[in-house]
Amino acid sequence: MSPVSSHPPHGQSSLRTVQVLGGGNAGSSAHVRSLASGLVARGVRVTVCAPVEADHLYDFTSVGAEHVHVPRSSDPGSVAALREACKHADLVHAHGLHASFRAVLALSGRRTPLVVTWHNRTHAEGARAHLLRLLERRVMKAATVVLGTTSDLVDRARSTGARDARLAAVALLAPRRSAESEERERAGSKLRAELGAIGRPLLMAVGSLDRHRGYDTLLDAARAWRRLDPVPLVVVAGEGPLRAVLQRRIEDEGLPVRLIGGRDDVGDLLAAADLALLPSSWESRSVLAQEALHARVPLVATRVGGIPELVGDAAELVPYGDAEAFADAVSGLLADPERCELLKERGTRQTATWPTEDETVAQVLSVYDELTQPRPLI
């Protein structure tokens, strides 16, 4: 890892940057906190504009950033608050579509460079989907530089009108585990007992209970697992609008699936699992996929979005919506410990290729310098 300088880059006197978050999902909020920490360490002044709830969760001020409360996009005062916060910024960096659109509105009439990190696609149908496409086009055309977290997001940004779209380096914050391995093993056994997975495989899925997550396919696949001995237990951590519909199917069909709601111990749950499941219709740099590989938990996922690029050959990938293929992949791994060990080893190698926090900060800072440093006259 390269040394971290405490001085402003290239002799620059306190580059003033504003990081803009919308609702602040876990991935983008953790990324901004990590980014703020690294930038402050390099002498950059960082203001994080986000709802106060995000600062309570991610404590941006503890890493040396200033936090300015900017309400969510539904609040009519959010753009005005953001415009005031960006008044003296040398550069604004927005994260996610809604935050980026508000930044575009707030910077209207100013020449402040705007960097946009596009972490994920927003899923919608009908009139809302059309509105989101309009927002995408407006943001992509207005941004000075767009950083996409996957190659397909970079391609989408270019096709939507981005002048300069690049692949972003985005580090996963590795879970900090201070406990010894024996203690973690005891904690895992306790969790398995609480979930009812003693003497049977535990399969773990994580994510909001929304249509694009592919839980219908997961429940279809779970029918086939009832024939296994012992019958594996599927646990889904997350909340969302489909909970009642999914719960009704689970009860009506007698499926070995538990919906356990939102949890703050997902890392521990995943570490206790035998397999991780990701049946989504689209993902960018899936946090679940990254955490599974870091935790050496074999992963079965759909071959969509940024997943193949992210995991390489370190997971079993199947077509989206193919319940039979998904069920067969899971059954195959449960019956093949050697294959599971191979995937664990491949996962360890794959995680070593992912960007570190230091590399992520360095890439972003190079973009900032490029957009704010005076260019020599030729």
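What counts, and at which threshold
- Residues numbered from 1 in each chain as written.
- Predicted model: local features only at pLDDT ≥ 70, side-chain atom pairs only at ≥ 80, totals over all residues.
- Heavy atoms only, no water.
- Helix = DSSP H or I, 4+ residues; strand = E, 2+ residues; numbered from the N terminus.
- Buried < 20%, exposed > 50% of the residue type's maximum accessible area, 1.4 Å probe, protein only.
- Contact = heavy atoms within 4.5 Å.
- Areas by Shrake-Rupley, 256 points an atom, 1.4 Å probe, with all protein chains shown as cover.
- Lys, Arg positive; Asp, Glu negative; His and termini not counted.
- Charge placed at Lys NZ, Arg CZ, Asp CG, Glu CD.
- Phe/Tyr/Trp six-rings, centres within 6.5 Å; stacked < 30°, edge-to-face > 60°.
- Axes fitted to C-alpha atoms, helices over the stretch in contact; angles between N-to-C directions.
- Parallel < 35°, antiparallel > 145°, perpendicular 65-115°, else oblique.
- Left-handed = near helix turned anticlockwise from the far one by under 90°.
- Nonpolar A, V, L, I, M, F, W, Y, C, P; charged D, E, K, R; others polar.
- Polar contact = N/O pair within 3.5 Å; in protein donor to acceptor, adjacent residues only side chain to side chain.
- Salt bridge = Lys/Arg side-chain N within 4 Å of Asp/Glu carboxyl O.

Asks: Honestly, the overall build of the chain in this entry has me stumped. Any pointers?
Replies: Helices and strands together make up the secondary structure of the chain, namely 15 helices and 13 strands. Sorting the 378 residues of the chain into buried and exposed places 49% on the buried side. Contacts in the chain between residues at least 24 apart in sequence constitute 64% of all its contacts with a sequence separation of at least 6. Here the chain displays about 17,700 Å² of accessible surface, and carbon together with sulfur accounts for 50% of that area. Within the chain, the 46 negative side-chain charges are centred at a point lying 7 Å from the centre of the 45 positive side-chain charges.

Asks: What's the story with the packing of aromatic side chains in this structure? I'm lost.
Replies: Any two aromatic rings considered together are summarised by their centre-to-centre distance and by the angle between their planes. Here the structure, examined in full by the defined rule, presents one aromatic pair. On the basis of an interplanar angle of 20 degrees and a centroid distance of 6.3 Å, the ring pair of Tyr 58 and Phe 60 is categorised as stacked. By relative accessible area, which is 19% here, Tyr 58 ends up buried. Residue Phe 60 is classed as buried on the basis of its relative accessible area, which comes to 0%.

Asks: Quick question: what am I supposed to make of the packing of helix H4 (residues 97-106) against helix H5 (residues 126-142) here?
Replies: Interhelical geometry of H4 versus H5 gives an angle of 55 degrees and a closest axis separation of 9 Å. When the axis of H4 is compared with that of H5, the two are oblique. Note that H4 runs across H5; the crossing there is left-handed. Note on element contacts: H5 touches H4 through Arg 128, Leu 132, Leu 135, Glu 136, Arg 138, Val 139 and Ala 142, opposite Leu 97, His 98, Ser 100, Phe 101, Val 104 and Leu 105. Residues that form the contact of H4 with H5 fall into these classes: eight nonpolar, two polar and three charged.

Asks: Sorry if this is basic, but what is going on with the environment of Glu 253 here?
Replies: Within the fold, Glu 253 resides in helix H9 (residues 243-253). Each C-alpha atom, one on Glu 253 and one on Asp 220, is 9.9 Å from the other, the two residues being 33 residues apart in sequence. In this view, Glu 253 contacts Arg 223 and Arg 226; residues no more than four positions away in its chain are not counted. At 2.9 Å, the side chain of Glu 253 and the side chain of Arg 223 are in polar contact.

Asks: Can you help me understand the side chain of Thr 149 in this one?
Replies: Relative to the assigned elements, Thr 149 resides in the loop between strand S6 (145-148) and helix H6 (151-159). A relative accessible area of 4% places Thr 149 in the buried class. A distance of 3.0 Å separates a polar atom in the side chain of Thr 149 from the backbone oxygen of His 119. Beyond its immediate chain neighbours, meaning those up to four positions away, Thr 149 contacts Thr 117, Trp 118, His 119, Leu 167, Ala 168, Val 170, Ser 284 and Arg 285.

Asks: It is not clear to me how the pattern of salt bridges should be interpreted in this structure. Could you clarify?
Replies: In a structure, side chains of opposite charge can pair up when their charged atoms sit close to one another. Applying the stated rule across the entire model yields 20 salt bridges. Arg 16 is the partner of Asp 90 in a salt bridge, and the nearest nitrogen-oxygen pair spans 3.1 Å. With Asp 90 in the loop between helix H3 (78-85) and strand S4 (91-95) and Arg 16 in strand S1 (residues 16-21), this pair connects stretches of sequence that are 74 residues apart. In this structure Arg 16 comes out as partly exposed when scored by relative accessible area, which is 33%. For the salt bridge of Glu 283 with Arg 213, the shortest nitrogen-to-oxygen distance reads 2.9 Å. Of this pair, Glu 283 sits in the loop between strand S11 (275-278) and helix H11 (287-294) while Arg 213 sits in the loop between strand S8 (202-206) and helix H8 (215-225), and the two are 70 residues apart along the sequence. Grouping residues by exposure puts Glu 283 and Arg 213 together as buried. Via salt bridges that share partners, Asp 216, Asp 220, Arg 223, Arg 249 and Glu 253 belong to a single interconnected network.

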